[in-house]
Amino acid sequence: MNTDNRYLWKHKDLLDVSQLSREDATHLLDLAVSFQEINNRPVKKVPTLKGKTVMLFFAENSTRTKTSFDVAAKRLSADTFSLSKSGSSINKGETLKDTALTLMAMNPDVIVIRHSSSGAAEYLSKLLPCSIVNGGDGWHAHPTQALLDSYSLRKVWGPDFTGRTLLILGNIEHSRVARSNLFLLRLLGAKVRLCAPRTLLPRQYRLWDCEVYTDIEEAVKGVDAIMCLRLQLERQEAGLLPDLSEYSRRYCLTSERLAMANPGAYVLHPGPMNRGWEIADEVADSGQCLVLDQVSAGVAVRMAVLYLLGTRND
């Protein structure tokens, strides 16, 4: 394992990938490669963060992200404690500020927060002296998801994304995953396309430096990877989606549509997948789908994040 301490990591928190330089992102992803070696060992543990405390504060439902951070911290020998909204005083009317101050009184080194309000992680970062990691806030950002997606692509593309094109397909308007990936992929040299129904494109998309489509069969032509997004069914109730059968007919990634992309194009999905609506079974189960690689990458990337923040004052 190579944890090169010569690189100056200047960030107290990880709130969004937009705070990172290309050198920061590359260093973090290189470090994750070293931690992936640990995950492949018979004994998957190192004493790197022994004596440190990582608190998982998830005020919004999560399976993959929460479990991944928990596993990552434990493999670095940190102590972990979890707090969910249902098990906290937030349900009794306690403010985010008071909850955060209560957590801080327990003297954690890192707090990982997921919250339905955009800006919640930044709010905690200004309030508390410990490091804050944004595990997803509202529609705003999901930095570690974008980092693990790029890590998965680096394994198949190599470290240079120049000349590569990725399509983000689906509910762009309500996706923190799309926003974080758009920034990071462009930072690493890739071109990005977006494709969605007009009602699921953010109003400011014209200000983003990317190509935008509403026709999937035009959007997939010439791309090297396609990232499907979760179809949030609550948006249909708000009248922002056609009925599910119509959405599936127009935007589901099928093997026929995947064949219109560049040969060997890869498929990603942040999960959980709604098979048959966002992505067809034959695509989800194909050798071109990197979903399980993304899950594995999540532990290594989050180990790298916790290491950089947990050792910054050592």
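Structure's up top.
Okay, so let's go over this structure. As the structure is a prediction and not an experimental result, all values here were calculated from the model.

Cut-off values and rules
- Residues numbered from 1 in each chain as written.
- Predicted model: local features only at pLDDT ≥ 70, side-chain atom pairs only at ≥ 80, totals over all residues.
- Heavy atoms only, no water.
- Phe/Tyr/Trp six-rings, centres within 6.5 Å; stacked < 30°, edge-to-face > 60°.
- Helix = DSSP H or I, 4+ residues; strand = E, 2+ residues; numbered from the N terminus.
- Buried < 20%, exposed > 50% of the residue type's maximum accessible area, 1.4 Å probe, protein only.
- Disulfide = S-S within 2.5 Å.
- Pairing = 2+ DSSP bridges.
- Right-handed = clockwise from strand over helix to strand, strands pointing away.
- Expected span 1.5 Å × (residues − 1).
- Polar contact = N/O pair within 3.5 Å; in protein donor to acceptor, adjacent residues only side chain to side chain.
- Axes fitted to C-alpha atoms, helices over the stretch in contact; angles between N-to-C directions.
- Contact = heavy atoms within 4.5 Å.

**Observations concerning the packing of aromatic side chains**
(1) Moving on: For the structure shown, the criterion picks out 3 aromatic pairs.
(2) Moving on: The interplanar angle of 35° and the centroid separation of 5.4 Å between the aromatic rings of Tyr247 and Tyr251 together place this pair among those described as tilted. Highlighted residues: Tyr247 and Tyr251, both in helix H9 (residues 244–251), separated by 4 residues, approximately one helical turn.
(3) Moving on: The buried category is assigned to Tyr247, whose relative accessible area is 2%.
(4) Moving on: Tyr251 sits in the buried class, given a relative accessible area of 2%.

**Structural notes on the state of the cysteines**
Among covalent bonds in proteins, the disulfide is the one between the sulfur atoms of two cysteines.
(1) Moving on: By the definition in use, this model includes 0 disulfides.
(2) Moving on: The closest cysteine sulfur to the non-disulfide-bonded Cys210 is located on Cys195, 12 Å from its own sulfur.
(3) Moving on: Cysteine Cys228 remains unbridged, with the sulfur of Cys252 as its closest cysteine sulfur at 7.6 Å.
(4) Moving on: Overall, Cys228 belongs to the buried group, its relative accessible area being 1%.

**Notes on the pairing of strand E4 (residues 131–137)**
(1) Moving on: Judged by how many residues are buried, E4 sits mostly within the fold: 7 of 7 residues are covered.
(2) Moving on: As paired strands, strand E3 (residues 110–115) and E4 are joined by 5 bridges and run parallel to one another. What sits directly across from Val112, in E4, is Val133.
(3) Moving on: Once the chain exits E3 it traverses helix H4 (residues 120–127) before rejoining the sheet at E4, and the crossover so formed is right-handed.

**Concerning helix H6 (residues 176–187)**
(1) Moving on: With 12 residues, H6 extends 17 Å between its outermost C-alpha atoms, agreeing within 8% with the 16 Å of an ideal straight helix rising 1.5 Å per residue.
(2) Moving on: The element H6 is extensively covered by neighbouring structure, given that 9 of its 12 residues are classed as buried.
(3) Moving on: Listing the buried residues of H6 in full gives Arg176, Val177, Ala178, Arg179, Ser180, Asn181, Leu182, Leu184 and Leu185.
(4) Moving on: Structurally, the start of H6 carries an N-cap: the backbone nitrogen of Val177 is 3.3 Å from a side-chain oxygen of Ser175.
(5) Moving on: Directly beyond the C-terminal end of H6, a positive phi value near 105° is found at Gly189.

**Overview of the sheet that holds strand E6 (residues 191–195)**
(1) Moving on: If you walk across this open sheet you meet the 5 strands as E7-E6-E5-E8-E9, and the pairing is parallel. In this open sheet, the two strands that pair with only one neighbour each are strand E7 (211–213) and strand E9 (266–268). When the angles between neighbouring strand axes are averaged without regard to direction, this sheet yields 20°.
(2) Moving on: One ladder, built from 5 bridges, connects strand E5 (residues 165–169) with E6; its direction is parallel. Residue pairing in the sheet places Leu167 in a bridge with Arg193 of E6.

**Details of the sheet that holds E4**
(1) Moving on: With parallel pairing, 4 strands are arranged side by side in an open sheet as E2-E1-E3-E4. Single-partner strands in this sheet number two, and they are strand E2 (79–84) and E4. Neighbour-to-neighbour, the strand axes of this sheet turn through a mean angle of 15°, independent of strand direction.
(2) Moving on: Against the sheet, helix H2 (residues 64–75) touches strand E1 (53–58), E2, E3 and E4, its axis set at about 175° to E1.

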